[in-house]
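Structure assessment
This is what each chain is made of:
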Amino acid sequence: MPYPEEAEGFQVDGPNSFTQFHKRYFKLKPFGDYDVDIKIEACGICGSDVHTISGGWGEQKFPLCVGHEIVGRAIRVGPKVTLIKEGERVGVGAQSYSCGKCKQCLNDNETYCQVEPMDTYGSKWADSGVVSQGGYSSHVRTHEHWVFPIPDALETNKVAPMLCAGLTAYSPLVRNGAGPGKKVGIVGLGGIGHFGVMFAKALGAETWAISRSRAKEADARKLGADGYIATAEEGWEKDHLASILRAICL
């Protein structure tokens, strides 16, 4: 039975066969007043997906379709949805729901909700018992609060990782006041750190990249870094003893 009752995607049956993906139909949660249905155009690949299906993060609700860097089009919106319009280009990250009422949720810390946190895949919807399935599929159904408008000007292959790695870097920068007059150090340029450098610079902060060697210095400066520290160099700290870097370890 196809959409809107079911989506079609690639599922893994368990960690013993996590490299084997099976194309199947699976149930979507019942459509709610605040839900948005998204026809998926692309989904990025995250290390979290591998840890999940390989058993590295413990027991999971298999069979499971992973993927949480989702980009697509909103093709249906619930009658009480106000944040998303039908036809809008949108994205979904690693979380798809929270209670919205607890202390954490009311303080913009929904990711720490202990009452009803819902991952985009591998969580069970309380009202139906349906297990959430991820973005390596045709459609995803998500509460509007966890659906984000994506400008059409952004290239899909670049914007998808922003829904996980990008947010991981952006959130602490904003929460800690990165901006004009501030000095930010990004420790490590392994993917998330690349976003950290770009976002810190875009927010207006003086941005320094910190790595062991100078192998990534050229890349860091192309991304906008104002300075670069190589900690494998003897005496690297001498020129920075009097400076204060608000460092984000990535």
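Residues numbered from 1 in each chain as written. Predicted model: local features only at pLDDT ≥ 70, side-chain atom pairs only at ≥ 80, totals over all residues. Heavy atoms only, no water.

**Some words on the UniProt feature "domain: Alcohol dehydrogenase-like N-terminal" (unreviewed entry) in the protein**
UniProt records the feature "domain: Alcohol dehydrogenase-like N-terminal" (unreviewed entry) for residues 33-152 in the present numbering. For residues 33-152, helix accounts for 10% and strand for 28%, while the C-alpha atoms at its two ends are 26 Å apart. (UniProt positions renumbered as here; feature names shortened; annotations may be inferred. Helix = DSSP H or I, 4+ residues; strand = E, 2+ residues; numbered from the N terminus.)

**Notes on the pattern of salt bridges**
Taken as a whole, this structure holds 12 salt bridges when the rule is applied. A salt bridge links Arg24 to Asp13; its shortest N-O distance comes to 2.7 Å. With a gap of 11 residues between them, Arg24 in strand β2 (residues 22-27) and Asp13 in the loop between β1 (6-11) and β2 connect regions that are remote in the sequence. For Arg24, a relative accessible area of 26% gives the class partly exposed. Since its relative accessible area comes to 36%, Asp13 is described here as partly exposed. In this structure, the salt-bridge partner of Asp37 is Arg141, at a minimum N-O distance of 2.7 Å. (Salt bridge = Lys/Arg side-chain N within 4 Å of Asp/Glu carboxyl O. Buried < 20%, exposed > 50% of the residue type's maximum accessible area, 1.4 Å probe, protein only.)

**Section: the sheet that holds strand β3 (residues 35-43)**
On the basis of which strands lie adjacent, the open sheet formed by five strands has the order β8-β3-β4-β5-β9 and antiparallel pairing. The outermost strands of the open sheet, each flanked by one partner alone, are β8 (139-143) and β9 (148-149). Across four bridges, strand β4 (residues 70-77) lies against strand β5 (residues 89-92) in antiparallel orientation. Bridge assignment links Arg73 to a residue of β5, and that residue is Arg89. (Pairing = 2+ DSSP bridges.)

**Side note on the nonpolar core**
Buried together is how nonpolar side chains tend to be arranged in soluble globular proteins. The biggest cluster of nonpolar side chains holds 22 residues, and the ones touching the most others in it are Val36, Ile38, Val66, Ile70, Ile84, Val90 and Val147. When residues of this core are traced back to their parent elements, those giving at least two are β3, β4 and β5. Among the elements that line this core, the one with the most residues is β3, at four residues. Ile84 has contacts with Val36, Ala74, Val77, Val90, Glu144, Val147 and Pro149, leaving out every residue within four places of it along the chain. With 17 residues, the next largest nonpolar core counts Phe195, Ala200, Ala220 and Ala230 among its residues. (Core = buried A, V, L, I, M, F, W, Y, C linked by side-chain atoms within 4.5 Å. Contact = heavy atoms within 4.5 Å.)

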